[in-house]
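Coordinate inspection notes
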Amino acid sequence: MTSNKSEVRAGILAARRSLSRQTRERETADLTRHLEASVEPGTTVCAYIPVGSEPGSVTMIDKLVARTVTVLLPVAREDADGTPLPMQWGRHIPGQLIDAPFGLREPAPPWLPAVAVANAAVVFVPALAVDRHGARLGRGAGYYDRTLPLAAPGALLVAVVRDGELVDHLPSEAHDVRMTHALTPRRGLVPLV
């Protein structure tokens, strides 16, 4: 299954790189509208800052904060042996992101422990694709699979993908944490079975 995942990842990344700037901007505007409609003011959410060709933008996350949503962003680190650790979380303050490993942007310390994910009503998760049964294809490092089991039992686990990245079936493994929803530019928040 790993080679299948690798092939699917390569195809999705190539398709994302081929998108025009106008298409990305339109999709980001649509995602922002759906994101704002799916999160109540005063709520705590876990989100992420998109990198490269990932759908979304920093502005999208900033708009949640402007609506009095507490946004926690992930801090990804490895142990001394290079094994990914469950992610810590930092409160997002617009304009105060710092450079981080892996080409990411993250909040400055102090950081909250991994269990802070349990405070979130919604956890927005980066994904290359998600299937209609909740199987998520990430980049393969395992940070989210180590962290998401700590989420509150009723929390929405939302894979943020482009419309064509919500598919019928993806290869998955026993340790993969299932998503409850997908968020796409055209369809908005889509429940997964």
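Notes on the structure follow. (Residues numbered from 1 in each chain as written. Predicted model: local features only at pLDDT ≥ 70, side-chain atom pairs only at ≥ 80, totals over all residues. Heavy atoms only, no water.)

1. Observations regarding the overall build of the chain
For the chain, the count of helices and strands is four helices and twelve strands. For 193 residues, the compact-globule estimate of 2.2 N^0.38 gives 16 Å, and the chain sits close to it at 16 Å. Oriented by its inertia axes, the alpha-carbon framework of the chain measures out at about 40 × 40 × 30 Å. Intrachain contacts of the chain at a sequence separation of at least 6 include 69% that bridge at least 24 residues. For the chain, the computed accessible surface area is about 9200 Å², with 55% contributed by carbon and sulfur atoms. In the chain, the 21 positive side-chain charges and the 20 negative ones have mean positions that sit 5 Å from each other. (Helix = DSSP H or I, 4+ residues; strand = E, 2+ residues; numbered from the N terminus. Rg over C-alpha atoms; globule rule 2.2 N^0.38 Å. Contact = heavy atoms within 4.5 Å. Areas by Shrake-Rupley, 256 points an atom, 1.4 Å probe, with all protein chains shown as cover. Lys, Arg positive; Asp, Glu negative; His and termini not counted. Charge placed at Lys NZ, Arg CZ, Asp CG, Glu CD.)

2. Comments concerning helix α3 (residues 58-66)
Considered for burial, the residues of α3 that qualify are Met 60, Ile 61 and Leu 64. Taken down its axis, α3 places every buried residue within 95° of arc, on the same side. The inward-facing, buried residues of α3 abut α2 (21-38), β1 (44-46) and β2 (70-75). Where α3 begins, the capping side chain belongs to Ser 57, and its oxygen is found 3.4 Å from the backbone nitrogen of Thr 59. In the segment just after α3, Thr 68 is the residue with positive phi, at about 60°. (Buried < 20%, exposed > 50% of the residue type's maximum accessible area, 1.4 Å probe, protein only. Arc of directions from axis to C-beta. Polar contact = N/O pair within 3.5 Å; in protein donor to acceptor, adjacent residues only side chain to side chain.)

3. A few points about the environment of Arg 91
Locating Arg 91 in the fold gives a position in strand β3 (residues 88-91). Taking the relative accessible area as the measure of exposure, Arg 91 reaches 55% and is therefore exposed. Along the primary structure Arg 91 and Val 71 are separated by 20 residues, whereas in three dimensions their C-alpha atoms are 5.9 Å apart. The contacts of Arg 91, once residues within four sequence positions are left out, are Thr 70, Val 71, Leu 72 and Pro 107.

4. Thoughts on the pattern of salt bridges
A full pass over the atoms with the stated rule returns seven salt bridges. Residue Arg 21 is joined to Glu 25 by a salt bridge in which the shortest nitrogen-to-oxygen separation is 2.8 Å. Taken as a pair, Arg 21 and Glu 25 lie in helix α2 at a separation of four residues, close to a single helical turn. (Salt bridge = Lys/Arg side-chain N within 4 Å of Asp/Glu carboxyl O.)

5. Things to note about α2
With 18 residues, α2 should cover 26 Å at 1.5 Å per step; its first-to-last C-alpha distance of 26 Å lies within 8% of that length. Here α2 has its buried residues at Thr 23, Glu 27, Thr 28, Asp 30, Leu 31, Thr 32, His 34 and Leu 35. Looking at the buried side of α2, the elements it contacts are α3, β6 (122-126), β9 (156-160), β11 (181-184) and β12 (188-191). (Expected span 1.5 Å × (residues − 1).)

6. Section: the nonpolar core
Formed by 44 residues in total, the largest nonpolar core has its most connected members in Val 45, Val 71, Val 123, Phe 124, Val 130, Leu 148 and Met 179. Looking at this core, the elements with two or more residues in it are α2, β1, α3, β2, β6, α4 (143-147), β9 and β11. Excluding residues that lie within four positions of it along the chain, Met 179 makes contacts with Val 125, Val 130, Gly 134, Arg 136, Leu 148, Leu 157, Val 158, Ala 159 and Leu 192. (Core = buried A, V, L, I, M, F, W, Y, C linked by side-chain atoms within 4.5 Å.)

7. Topic: the side chain of Glu 54
Looking at the secondary structure, you find Glu 54 in the loop between β1 and α3. Note on Glu 54: relative accessible area 14%, which makes it buried. Within the local environment of Glu 54, its side chain forms a polar contact with the backbone nitrogen of Val 51, the two atoms lying 2.9 Å apart. Not counting chain neighbours up to four residues away, the residues in contact with Glu 54 comprise Arg 16, Tyr 48, Ile 49, Pro 126 and Arg 139.

8. Remarks on the pairing of β11
Taken residue by residue, a regular strand's side chains alternate between the two faces of the sheet. Side chains of β11 alternate between two faces, with His 181 and Leu 183 and Ala 182 and Thr 184 buried alike. Pairing of β9 with β11 involves three bridges; the strand directions are parallel. Considered in β11, the bridge of Val 158 is made with His 181. Linking β11 to β12, which pair antiparallel, is a turn of three residues. (Pairing = 2+ DSSP bridges.)

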